[in-house]
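Residue strings, one per chain:
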Amino acid sequence: MTGYVTPRRRLGLVIDLDTCVGCHACAVNCKEWNTGGHSAPLTDLDPYGPAASGVWFNRIHSFEAGEGRAGRTVNFPRSCLHCDEPACVTVCPTGASYKREEDGIVLVNPDTCIGCKLCSWACPYGAREYDEDEGVMKKCTLCIDRIYNETIPEAERVPACVSTCPAHARHFGDLGDPASEVSRLVAERGGYDLMPELGYRPVNKYLPPRPGRPAPPPQPAEPDAEGLTGFLGWVDRMLSR
Amino acid sequence: MHPALSVIVFTVASGAGYGLLATLALLAALGTIAPSLPLGLAGFGLALALVTGGLLSSTLHLGHPERAWRAFSQWRTSWLSREGVAAVATYLPAGLLALLFTFFAPGRATLAILGLLTAAGAVATVLCTAMIYRSLKPIHAWCNQWTVPGYLALGAATGLALAFAVLAAFGVPAAGPVGIAAIAALAAAWWVKRAYWSFLDTVPAASTPESATGLGRIGKVRLLDPPHTGANYLAREMGFRIARKHATKLRAIAMVAGVVLPAALVAVALATTQPLASLAAWLAALLALAGALVERWLFFAEAKHTTMLYYGAASA
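Everything quoted here is computed from the prediction, not taken from an experiment. (Residues numbered from 1 in each chain as written. Chains lettered and ligands numbered in written order. Predicted model: local features only at pLDDT ≥ 70, side-chain atom pairs only at ≥ 80, totals over all residues.)

**Q** Explain the overall build of chain A here, please?
**A** The secondary structure content of chain A amounts to seven helices and 11 strands. A principal-axis box enclosing the C-alpha atoms of chain A has dimensions of 90 × 50 × 40 Å. Counting the 241 residues in chain A, one finds 44% classified as buried. Restricting the contact set of chain A to residue pairs at least 6 apart, pairs at least 24 apart contribute 59%. (Helix = DSSP H or I, 4+ residues; strand = E, 2+ residues; numbered from the N terminus. Buried ≥ 20, exposed ≤ 12 C-beta atoms within 10 Å, placed from the backbone. Contact = placed C-beta atoms within 7 Å.)

In structure tokens:
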């Protein structure tokens, strides 16, 4: 892509690592919607065989962070971050990989993609998956065919992953507008970028897990039987024989 | 990174081809070699065959090779596109030079202009190839100061070794200086690759599992559950791993077979007469190419991608 212009809007996702329960529903609904959507099909090779492998736009990892009481298990959805500095776009030799000026969404034109896979090498986040059957690269479209779709009810005009999340851990909006709900959420909760050191300036933000509850006070020690009198003292003496 | 055979063959063949092409073009420009049918056919023919074979090999890993022509359009931002443009642009002076050198006897000025243009195009194309890798920030083993010198040095070493073999076979007086240049280029390749591997072994990547997830604020991060139990494109393309003990052995093989032995054989060829000289020179060139193939395989196999930080890799 050439003649790059800063997009007017910066549509993206805010993912709450505090509330994500790791159910994979967002990944499943993403696959379901997108296998009939803009970049359809999300090809599966050997789908019912021993070496099933296919294209997904959203993958849910689970990590452990920290040790002992301070440690946490964190479910971690991973998808395209629609970066402001998308190297996947600038390395593309044909211009098939592009970032939209009007909303910042990064897309692939399947008619001009030559399948060289260089964009997937340039993406630090592993957001792009090659469709070996069609010979072109595929990636998250931010459900471009839902968010502007006037044939579905307005409440459903959000990405499939957002609409399906049972824990309300995924939020969609304009991160270029400081007054938007998603921008406020990022400001309130300290939303952050993944691998900021590489300078891709991702649009999507992650909300950190809230600090854990303070460790519970130590359990009271075993009651001491010494010095008991009366009935309990008699029981203690009997049991101690 | 997965070491794709088509890309390894492409980078080694085109590197050697452009090295040979640049050497012959410069010698022609200087008037050190005179136009001749057999030398033109063998020398320029071999150079253009290696370059063309390499470029064709590179299209084998494309999902849509029939659309490869589209890759010439994005030269303003893409090093891959620039490489394509540079390669095609180099064919013009190189083809003309090869044609005139082989079948006609052009004047000194024509040879000088075409020779310099061809040599510049050859160097520019190898530079673009190297920059494709040098510019990829997620791959620490490529995005560093040693990638470009490595590609240029190996292209020069293999190209000069081939040029020496061709010139020695024809008994051209220019073979002597070219042989000495080949030894110098092999020594440079040795030094650059040693520095590159020392860099890989001592300088860690900036990205870590902690920065990839942003969970470093809690503590050390490790993968508990992967997102899927089977393989996927990312694991196949970026999850290639090589045991450290194999890497150490292969580094030694690449250096001994690809640099030390060829340099010694070039020295033997310089000190002996035909037919031993020719035999040693060709053996040197073939060994240098074989060593470059091992080196290029390692360049991919040892490279780690930040995506694997999400799949349990402890470092990138």
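Anyway, onward from the coordinates.
**Q** Help me understand the interface of chain A and chain B in this model?
**A** It is common to give the size of an interface as the accessible area lost on bringing the parts into contact. Listed by partner, the interface residues are 52 residues for chain A and 47 residues for chain B. Among the secondary structure elements, those contributing two or more residues to the side of chain A that touches chain B are strand S4 (58–65), strand S5 (72–79), helix H2 (87–90), helix H3 (118–122) and strand S8 (129–131) of chain A. Of all the elements, S4 of chain A adds the most residues to the side of chain A that touches chain B, at seven residues. Pairing of S4 of chain A with strand S1 (residues 221–225) of chain B, which is carried by four bridges, proceeds in the antiparallel orientation. Across the sheet, residue Ala-65 of chain A finds its bridge partner in S1 of chain B, namely Val-221 of chain B. (Pairing = 2+ DSSP bridges.)

**Q** Explanation requested: helix H3 (residues 79–103) of chain B in the structure shown.
**A** Given 3.6 residues per turn, any residue in an α-helix points the same way as the ones three and four places further on. Taking 1.5 Å of rise per residue, 25 residues should cover 36 Å, and H3 of chain B covers 35 Å from first to last C-alpha, within 8% of that figure. A maximum bend of about 30° is found in H3 of chain B at Tyr-91 of chain B, where proline Pro-93 of chain B lies one to four positions downstream. (Expected span 1.5 Å × (residues − 1). Bend = angle between axes of the 7 residues up to and from the residue.)

**Q** Explain the pairing of S4 of chain A to me, please; I cannot follow it from the model alone.
**A** Every regular strand shows the same layout, with side chains that alternate between the two sheet faces. All names here are of chain A. Summarising burial for S4: six of the eight residues are buried, a large majority. In this sheet, S5 lies alongside S4 in antiparallel orientation, the contact comprising eight bridges. Across the sheet, residue Asn-58 finds its bridge partner in S5, namely Ser-79. Counted between consecutive antiparallel strands, the loop separating S4 from S5 contains six residues, among which Gly-66 sits at a positive phi close to 80°.

**Q** How should the sheet that holds S5 of chain A be read in this particular structure?
**A** Working definition: the strands of a sheet are paired by backbone hydrogen bonds and lie parallel or antiparallel to each other. The sheet built from three strands is open, its strands ordered S5(A)-S4(A)-S1(B) with antiparallel pairing. If you trace the sheet from one side to the other, it starts and ends with S5 of chain A together with S1 of chain B, each paired once. Taken pair by pair, the neighbouring strands of this sheet meet at an average axis angle of 40°, ignoring direction. Its contacts with the sheet place helix H1 (residues 25–34) of chain A against S4 and S5 of chain A, and it is angled at close to 165° to S4 of chain A. (Axes fitted to C-alpha atoms, helices over the stretch in contact; angles between N-to-C directions.)

**Q** It is not clear to me how the nonpolar core should be interpreted in this structure. Could you clarify?
**A** One broad rule of soluble globular proteins: the nonpolar side chains tend to lie buried together. Residues Ala-157, Ala-161, Phe-164 and Ala-284 of chain B are the most contacted members of the largest nonpolar core, which totals 170 residues. When residues of this core are assigned to domains, at least three map to each of domain 1 (1–135) and domain 2 (138–316) of chain B. (Core = buried A, V, L, I, M, F, W, Y, C linked by C-beta atoms within 7 Å. Domains from an automatic or database assignment.)

**Q** Please clarify how the domain arrangement of chain B should be interpreted in this entry.
**A** Residues and elements named next belong to chain B. For chain B, the assigned domains are domain 1 (1–135) and domain 2 (138–316). Using C-alpha coordinates to define each centre, domain 1 is positioned 21 Å away from domain 2. At the interface, 29 residues of domain 1 touch 33 residues of domain 2. For the side of domain 1 that touches domain 2, the secondary structure elements donating two or more residues are helix H1 (5–30), helix H2 (37–58) and helix H4 (108–134). Element by element, the count of residues in the side of domain 1 that touches domain 2 is highest for H1, at 12 residues. A class-by-class count of the residues in the side of domain 1 that touches domain 2 yields 20 nonpolar, eight polar and one charged. (Nonpolar A, V, L, I, M, F, W, Y, C, P; charged D, E, K, R; others polar.)

**Q** How should I be thinking about the sheet that holds strand S1 (residues 11–16) of chain A in this particular structure?
**A** Residue and element names in this part refer to chain A. The three strands lie next to each other as S10-S1-S11, forming an open sheet whose pairing is mixed. The open sheet has two free edges, formed respectively by strand S10 (170–174) and strand S11 (205–207), since each of these has just one partner strand. When the angles between neighbouring strand axes are averaged without regard to direction, this sheet yields 25°. Here S1 pairs with S10 via five bridges, running antiparallel. Within the sheet, the bridge partner assigned to Leu-13 lies in S10 and is Phe-172. Across the face of the sheet, helix H6 (residues 181–189) comes into contact with S1, S10 and S11 while running at roughly 120° to S10.

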